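Breakdown of the fold
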Amino acid sequence: MEPKTVTTERNVANIGVFWNMDDNPIPDGLDPTTVKEFINGAFEDMGYLGRLIQVRAYCEDRSELVSYCDAAGILLQNRVSKVGYAEVDHMLVDILTWGLYNQAPSNLMIITKNVSEETELFGVLEDLKLLNYNILVSSLGKDATVDLVCLSTRLFGGGNPVDQSISSHGVSNKLAHVANTGVFWNLDDCEIPDDIDIYQNVKSALANQGCHGQVTIWAYCEEDKEPVPGITLVSAGDETARFKKMLRDILFWALQNPVPCPMTTVPSLMVISNMSRNIKFAYVLQLLASRGYNVLLTVPDEKEYICSVWLYPFLIPSLENFPICKKSDKSLHDIQTGIFWNITGCTFPNDIHLDELNENIKSAIKNQGHNGEVSIKAYWEGSSGLYHWLHGTITFKERVSKDEDPSVTLGNMFVDILSWALDHPAPSNLMVISKAISQETELSSLLQDLESKGYNILVAHAEEAASPVLPPACLEWHFNTLIAGGNPITRTNYSRDVLSIVQNDLSFLRKDCHDTKGNTGIFWSIEDCPIPSGLDPLTFFFDVKKVLWRRNVSVMAYCDQNRSLDDFSLNDNLHITLVHTADKYARIKKMYKDIFLWALENPESNVLVITKSMPFHITYVIDDALSSRNYNLVLADPHAVGYVNSVWISTSLFGGGNPIDPSGRKNLPSSQEVMAKWKITS
């Protein structure tokens, strides 16, 4: 191998290797580990002492080679994938992304058989060489012996400088003197409005947000258009070609405009497009935002704002899964009974064995005409010393998990009852054993809600406790009578004949459960996630429903006690249910219960939860309970979207107006204010 002469600076610069395995596969007789070792050795032989960042490899189908490459420390991925309406060449995107983290004169090696001038790869390498990156093009020989691999390496272009007045792909000469604000505009998504000075209006809108430097706008279209003052029109072909062209130009613009350290100025990047169709686009913008760029977005309308920002990226990947309907309807089985026992104040007698206790409780249930399977869960607090009671038919659990936020404690028994109900459709039997079940408790409210859904509610309590306020169809025991296998306090409830009628009625309803599949329930904490200022509330609510593109969408909006539909400029025709709660913690608990109750009536449906205050331990339970039962669950926090700093609706931007404020604040901080805050905190 002929050694190359490199400058001292390049000698110690970082190294990145990108390998096209389709074009240049692993030589016969070698494996990925051996090839990587040889690549490392080749750089040392050529005098490159910098750190080898990573070897990335690309092929059409990674499934057969991925395990071998992982073992070698080579990151292998499919070279091309479908993203929205466009194909993405991940190798090209990764090369430019690598450049963001490794400034020139870093060393970039491409392993491929051929780089012809007609390819996009040639244009990308040509542009990077303009920025003083050291480009090496290599190829692996087809055959190898034990001590020899043919790796031919040459400097890109033979080491000659690129003619900066010519670029076969038309990128470098257009971006060579880019200003500190670059605007990339997809005309297919947002057309240029007539009869206004669009350049001056966009510049004014950006200046209002602290972007005072020169603004340069590139507008991408399918074919040549009439020139527009202040805008560079880029003819890029169909929508797939435009997508690829914009993505490449944005990354190259970022390479030419690095964020300085210390941060004295902030380069601003605006994209005018429908981001919801471009998951890769959003990924790149998030990457740029994390690198300190001021990332701005303009979308054509409110509906696209919901898709691209307000619920993105939580909603968009899930739209492909709406609805999930995999389970077939089960025939109505023998009614099962789930028993949930709070043993505090209602503990086991000392003179009865656990096996006898189990049989007595089952006997008491069976005597009321319920012959199905019985399961028992018991809940305790603190160190109760009951571990020795553990038995196959009774499982023990702490009433409150140690990791729960005490301000929003739901309790394991409350959670387990709702999860059990999802697996045991009405008319299953639900029994609660507790020292007392007072009327004002969440447990009492839950039992009444489940009874209204068709569940047969059974209760047992201490003899001295008052009878709970429950519907008349509920069976009620004194605790000591129940564990002795006795009868309930009154026999005016379900007989076997009545039970049979209920079974038949609910069996009929179950046959129609297909109608609920694909329904969507939206549970929205409107106090945490208000309608963004500047947007029409009525239109915004309708657009949230339309985004889900399902005909049966119900909305539960959780708010303070003194709110009404008038406060949100809404009306009764929107079919929104306002749920009033005392405070944030009450909203969380109420929302949690309502999600499960709605899911009981809508099997295998879609659940969208919009909030920013749901504790992790509660979201985990919801996710585990619903996702494992073929519900499509989306947990969205509009305030957690981090890939853009400001968002305009196109009509506002083109009129020189202000961006949307998602949190209700009237003025967003300018980039100077963000910089000042950064300097203070750092």
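Model, not experiment: these values are computed from the prediction.

Here the focus is the sheet that holds strand β16 (residues 394-398). The sheet built from six strands is open, its strands ordered β16-β15-β14-β17-β18-β19 with parallel pairing. Two strands bound the open sheet, and with one partner strand each, they are β16 and β19 (475-478). Taken over all neighbouring pairs, the strand axes of this sheet differ in orientation by 20° on average, direction set aside. In this structure, strand β15 (residues 374-380) lies alongside β16, joined through five bridges in parallel fashion. Pairing of Lys 377 across the sheet is with Thr 395, part of β16. Together, β14 (337-342), β15, β16, β17 (429-433), β18 (456-461) and β19 form the strand contacts of helix α12 (residues 354-366), whose direction differs from that of β14 by roughly 125°. Across the sheet, helix α13 (residues 412-423) touches β14, β15, β16 and β17, and the angle it forms with β14 is around 175°.

The subject of this paragraph is the sheet that holds strand β24 (residues 632-636). On the basis of which strands lie adjacent, the open sheet formed by five strands has the order β22-β21-β20-β23-β24 and parallel pairing. Two strands close off the open sheet at either side, each with one partner strand: β22 (576-581) and β24. With direction set aside, neighbouring strand axes in the sheet form an average angle of 15°. One ladder, built from six bridges, connects strand β20 (residues 520-525) with strand β21 (residues 553-560); its direction is parallel. Residue pairing in the sheet places Phe 523 in a bridge with Met 556 of β21.

All chains considered together, the criterion is met by 12 salt bridges. Measuring nitrogen to oxygen at the nearest pair gives 2.5 Å for the salt bridge that ties Asp 423 to Arg 629. With a gap of 206 residues between them, Asp 423 in helix α13 and Arg 629 in the loop between α19 (616-627) and β24 connect regions that are remote in the sequence. Connected through salt bridges with shared partners, the residues Asp 528, Asp 560 and Arg 587 form a single ionic network.

For the rest of this paragraph, the subject is the side chain of Thr 298. The topology assignment puts Thr 298 in strand β13 (residues 294-299). By relative accessible area, Thr 298 is classed as buried at 0%. Here Thr 298 is in contact with Met 270, Val 271, Ile 272, Ser 273, Trp 648, Ile 649, Ser 650 and Leu 653, once residues within four sequence places are set aside.

The topology assignment puts Tyr 592 in helix α18 (residues 584-601). Assessed through its relative accessible area of 0%, Tyr 592 is described here as buried. Remark: the alpha-carbon pair of Tyr 592 and Val 609, spanning 17 residues in sequence, is separated by 9.7 Å.

Quick notes on the rules
Residues numbered from 1 in each chain as written. Predicted model: local features only at pLDDT ≥ 70, side-chain atom pairs only at ≥ 80, totals over all residues. Heavy atoms only, no water. Pairing = 2+ DSSP bridges. Helix = DSSP H or I, 4+ residues; strand = E, 2+ residues; numbered from the N terminus. Axes fitted to C-alpha atoms, helices over the stretch in contact; angles between N-to-C directions. Contact = heavy atoms within 4.5 Å. Salt bridge = Lys/Arg side-chain N within 4 Å of Asp/Glu carboxyl O. Buried < 20%, exposed > 50% of the residue type's maximum accessible area, 1.4 Å probe, protein only.

Honestly, it's all geometry; don't read function into it.
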